[in-house]
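# Coordinate inspection notes
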Amino acid sequence: MPKADGAKRASAYGEQAGALAKGLAECGIDAIALNYVDNSGITRVKAVPPARLEAAATRGVGMSPVFDVLLVDDSITATEAATAPVGDLRLHPDLARLVNLAAQPGWAWAPVDRRARSGEPHPLCHRNFASRMVARAAERNLSAAMAFEIEWVVSSGAGDDFTPVTLGPAYGMTRLVDCADYLREVVRAFEAEGLGVEQVHPEYAASQFEISVKHNDPVGAADDSVLGRETVRAVGLTHGWRTSFAPSVVAGQVGNGGHVHVSLRRGDCNLFAGGDGPYGVTAEAEAFMAGVLRELPALLALGAPSVGSYLRLVPQHWAGAYQAWGLENREAALRLVTGTAGHEPGSANLEVKCFDLSASPYLVVGGVLAAGLAGLEDKLQLPPEVTVDPATLTKRQLSVAGARRLPASLD
Ligand code: GLU
Ligand code: MG
């Protein structure tokens, strides 16, 4: 882009920020939380008052690059890419995603892209990585729609004590009645923030719930996951409850997943429907699925990146612990969903089940796209489908189906 065009765009963006800031101040917003997700999957924040939004939009907000090597316990390590307390990165809010937070009165929120002082994308910016993979798909005239499911456990205990807020059964109406106000507030907050709710329900584990939101473009879906989780957390706090999205809250029990749904599109056409491949997927969607399937063990480093991820990722917990695919198979890492007969174009999609919410959602969407597009490049085909619980198959049967147990530990 010529320099003059860039400057014009930056100044228009600044003006837009100024106008938005005025509106925010008028509706009682005191500060805007600017979020990104780091390599340990933690959402980090800097906040600015509305009066600083224009400066943030045009110049970014400073933050040290050392956060690329912060660990989950906030200790700091070093790599060749990020070693020292020296240097500065700029956090640039995406104004298109600016939203008033429904459960934190007086606060607004926006995700950021991290850039160098020159304005160039920071190579370790996850959101930029996701955008680059979206652009790579666009080179093939493809786009993807994605959505993360959010599962969580809520506790009324003090500190780390886990005390379920309801004792009702899995998927039980008793739980909904016990927590009716809470769940209604979660739904209302999501809707107010523009996160279209598709479903909410009590999940299997003690005091566990789940919400699904409408699909979005890949970067948008990752933003939705960040915003959605902070919203659930904030609603819980208004009840004095603590929320955990940890892959495993009580070892040995069913954990919290972070399943991601993906469909591939060319224009308005969903490539997971109307084709000649298995269950009507097109050859391109089949190759995409096969690419994701091939890379699942490696993708776990992005999508199940914590030690605790492997307490969750065990057979017969609906976590998808096998490198396998199957129509509506909830024990396969890849569950093909076609939806109600006759409605496939609007509903067919692939669910990647083996991921959890300790992941950076931006790395997940970018990684899934990269793996799927590599499958297209290599014109891959799917191995046979696994139509039963893979844990019930012998080693020989698994290998005939081209299926295997995914890694059982982070190592
Ligand atoms: N909680 C399960 C998991 O760990 C998923 C249950 C479901 O299929 O929704 O992924
Ligand atoms: Mg679930």
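Anything mentioned here points back to the structure above.
Every value quoted in this text rests on a predicted model; they were computed, and no experiment measured them. (Residues numbered from 1 in each chain as written. Chains lettered and ligands numbered in written order. Predicted model: local features only at pLDDT ≥ 70, side-chain atom pairs only at ≥ 80, totals over all residues. Heavy atoms only, no water.)

Before going further, it helps to examine helix α3 (residues 126-138). Taking 1.5 Å of rise per residue, the 13 residues of α3 would be expected to cover 18 Å, and the 19 Å separating its terminal C-alpha atoms lies within 8% of that figure. Each element contacted by the buried residues of α3 is listed here: β1 (31-37), β6 (107-115), α6 (218-238) and α10 (361-377). (Helix = DSSP H or I, 4+ residues; strand = E, 2+ residues; numbered from the N terminus. Expected span 1.5 Å × (residues − 1). Contact = heavy atoms within 4.5 Å.)

In the region of ligand 1, the neighbouring residues are E151, E203, E210, V254, G255, G257, H259, R312, H317, W318, A319 and K353. Take E151: an N or O atom from its side chain is 2.7 Å from a nitrogen atom of ligand 1. Measuring from an oxygen atom of ligand 1, one finds a side-chain N or O atom of H259 at 2.7 Å. Taken by itself ligand 1 offers 300 Å² of open surface, and the protein chains cover 94% of this. (Near = heavy atom within 4 Å. Polar contact = N/O pair within 3.5 Å; in protein donor to acceptor, adjacent residues only side chain to side chain. Areas by Shrake-Rupley, 256 points an atom, 1.4 Å probe, with all protein chains shown as cover.)

Both strand β8 (residues 197-202) and strand β9 (residues 208-213) contribute to a ladder of five bridges, which runs antiparallel. Paired with Q199 across the strands is S212, a residue of β9. The loop that links β8 with its antiparallel partner β9 comprises five residues; one of these, S207, has a positive phi angle of about 60°. (Pairing = 2+ DSSP bridges.)

Relative orientation of the contacting elements helix α7 (residues 283-303) and α10 amounts to 135°, with a least axis distance of 6 Å. By the angle class used here, α7 and α10 are oblique. The chirality of how α7 crosses α10 is right-handed. From α7, E284, A287, F288, G291, V292, R294, E295, L299, L302 and G303 reach across to α10, where they touch L363, V364, G367, V368, L369, A371, G372, L373, A374, G375 and L376. Looking at the contact of α7 with α10 residue by residue, the classes come out as 13 nonpolar, five polar and three charged. (Axes fitted to C-alpha atoms, helices over the stretch in contact; angles between N-to-C directions. Parallel < 35°, antiparallel > 145°, perpendicular 65-115°, else oblique. Left-handed = near helix turned anticlockwise from the far one by under 90°. Nonpolar A, V, L, I, M, F, W, Y, C, P; charged D, E, K, R; others polar.)

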